[in-house]
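Chain residues, written in single-letter form:
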Amino acid sequence: MEKIGANWGTPAQTVVVGHFDVHGVCSAYLAARAFGASEVYCNYPQTAPENLVATLQNLFAAAPQRLRIVIVDVPIDLKNPAGFIRGLEDLALRHEILFVDHHESSLQYLGNFNRVRPVFLGPSALSLNEFLLQQIPSPTEVERAIALIGAIGDRDPEVVKRNMFTTELQAIADGLDVLVRQPNGALSTVRELLQNPVLVIEKARAEAGKIPSAQLSQRVGPVAVAQGPLPSGWGPKALERLAFAVGAWYATGWGIDERSKQPIVRAIIRWDVAAKMPNLPLPGATARALWPTRNIIGHPAAPSVAAVSEAEAQEMVLQWARAIADSATKSASPSVTTFIPESRVGELFVEVLQRLEQILEEQRRMYAEYIELKRKQVELLEKTGARGRVAD
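Read on for an overview of the structure.

About the criteria used
- Here the residue index of a chain counts from 1 through its sequence in written order.
- In view of the model being predicted, local features appear only for residues whose pLDDT reaches at least 70, and side-chain atom pairs are presented and counted only at 80 or more, with totals across whole chains, interfaces and linings using the full set of residues.
- Each side-chain value is worked out from all heavy atoms of the structure, with water and hydrogens disregarded.
- Helix numbers and strand numbers start at the N terminus; a helix is a DSSP run of H or I with at least 4 residues, a strand a run of E with at least 2.
- Burial classes: relative accessible area under 20% of the type maximum marks a residue as buried, over 50% as exposed, and values in between as partly exposed (1.4 Å probe, protein chains only).
- Put simply, two rings from Phe, Tyr or Trp (the six-membered ring, in Trp's case) pair if the centres are within 6.5 Å, and we call them stacked under 30 degrees between planes, edge-to-face over 60, tilted for the rest.
- The criterion for a charge sitting over a ring is simple: Lys NZ or Arg CZ within 6 Å of the ring centre, and within 35 degrees of the ring normal.
- Arc, as used here, means the arc of the directions from the helix axis to the C-beta atoms.
- Throughout, a residue-residue contact means that at least one pair of heavy atoms, one from each residue, lies within 4.5 Å.
- Strands pair, by our definition, only if DSSP identifies at least two bridges between them.
- When the strands point away from the viewer, a crossover counts as right-handed if the path from the first strand over the helix to the second runs clockwise.

The subject of this paragraph is the environment of Tyr44. Of note, Tyr44 is situated in the loop between strand 2 (39–41) and helix 2 (49–60). By relative accessible area, Tyr44 is classed as exposed at 54%. For the pair formed by Tyr44 and Asp21, sequence separation is 23 residues and the distance between their alpha carbons is 8.6 Å.

So, on to the packing of aromatic side chains. The description of an aromatic ring pair rests on the distance of the ring centres and on the angle between the ring planes. The full count for this structure, using the stated rule, is six aromatic pairs. Centre to centre, the rings of Phe20 and Tyr44 are 5.0 Å apart; their planes meet at 80°, and the pair counts as edge-to-face. With Phe20 in the loop between strand 1 (14–18) and helix 1 (22–35) and Tyr44 in the loop between strand 2 and helix 2, this residue pair connects regions lying 24 residues apart in the sequence. Within the aromatic cluster, the residues linked to one another by ring pairs are Phe84, Phe99 and Phe113. Sitting over the ring of Trp234, Arg181 keeps its end group 4.1 Å from the ring centre. Its end group placed over the ring of Phe244, Arg270 keeps NZ or CZ at 4.2 Å from the ring centre.

With that settled, consider helix 10 (residues 197–207). The complete set of buried residues in helix 10 reads Pro197, Val200, Ile201, Ala204 and Glu207. All buried residues of helix 10 fall inside an arc of 120° around its axis, so they share one side. The exposed set on the far side of helix 10, more than 90 degrees from its buried face, consists of Leu199 and Ala206. Buried-residue contacts for helix 10 involve helix 1, helix 6 (141–153), helix 8 (167–180) and helix 9 (185–195).

Looking now at the pairing of strand 4 (residues 96–101). Buried residues dominate strand 4, accounting for five of its six residues. Bridge count for strand 3 (residues 68–72) against strand 4 is five bridges, and the pairing is parallel. Directly across from Ile71, in strand 4, lies its bridge partner Phe99. At this point the chain moves from strand 3, through helix 3 (residues 81–91), to the parallel strand 4, and the crossover so formed is right-handed. Of the strand pairs in this sheet, strand 4 and strand 5 (residues 117–120) are connected by four bridges, and their pairing is parallel. Paired with Val100 across the bridge in strand 5 is Val119.

Take a look at the structure:
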């Protein structure tokens, strides 16, 4: 692992450590600009929650001076929250630690910090980025765009709710995803951003085309069913690109899991659609109803389910698509049935007749006024000597 801080010469310098995904890289860039950081570090797998404490100890435990370490977009390790907190607290004996996060999963543990200064800005990724943006004196339009791109990379519904989403910004976020997935990609990308953000954005725009799209097999209502197998390593993103391309709300497909080498079935809901219509069912909920004894893995908006064979995977893809389509149609077009007690039927019937009579009476009154108006128009024309036919 690369050691950073070799050029530290003055006390109390600031270093930024961020997550290794698109939002992590963008928020680390903004934090570095906001706090005037001398160094920034994001990398896979070193800045994953389960590895963060060891990474910080390796990088900074023997630093010759007290530092301010700003941690952004790295949630508390849920597998070992006590060890995560204890590790940061130990490091805070020597350095100032600022823990800036937006993940709701971290919220319940933040009160356990004593020496570490937690700042919770969630659950929106955009809120975190806007906070950092506010710390930058006179932020540029490019920096404002990076704040949005990072939130889009995290599929933050707040972006859509505030009408800030564009397909162009999503393309840039997707291109950044290609860049940060490369070996040491997060680290090189964040450092290139600090040197020339415009160049990195242009590079990301060009890289977006490298994300493969799944091919359409058929449509089942609002669901696009992909031809299998899905492109290796890009299952959820390939389904998302397919859904955007054909205007579907959802997409389902199957592929081969990179780790287990077994067939795996996937489904996604377009994140912008979910933000606009939050009552739509998520694929994860539909999967649990379909296969209650199976292990549903991943986020409810983009889950996966293992299959025992390719033939079963193909059947599950269609089964999942039909179930999602049925559930989504019911959610998008709700029907309300009101049951009327027998004792009130006659009473309500009289009320309906009375209302109809009121409507008819109103129509008769309006028609009488219309006839009177036309009569006056004829009289006025005759008085002024005008001739011509007045249409009735």
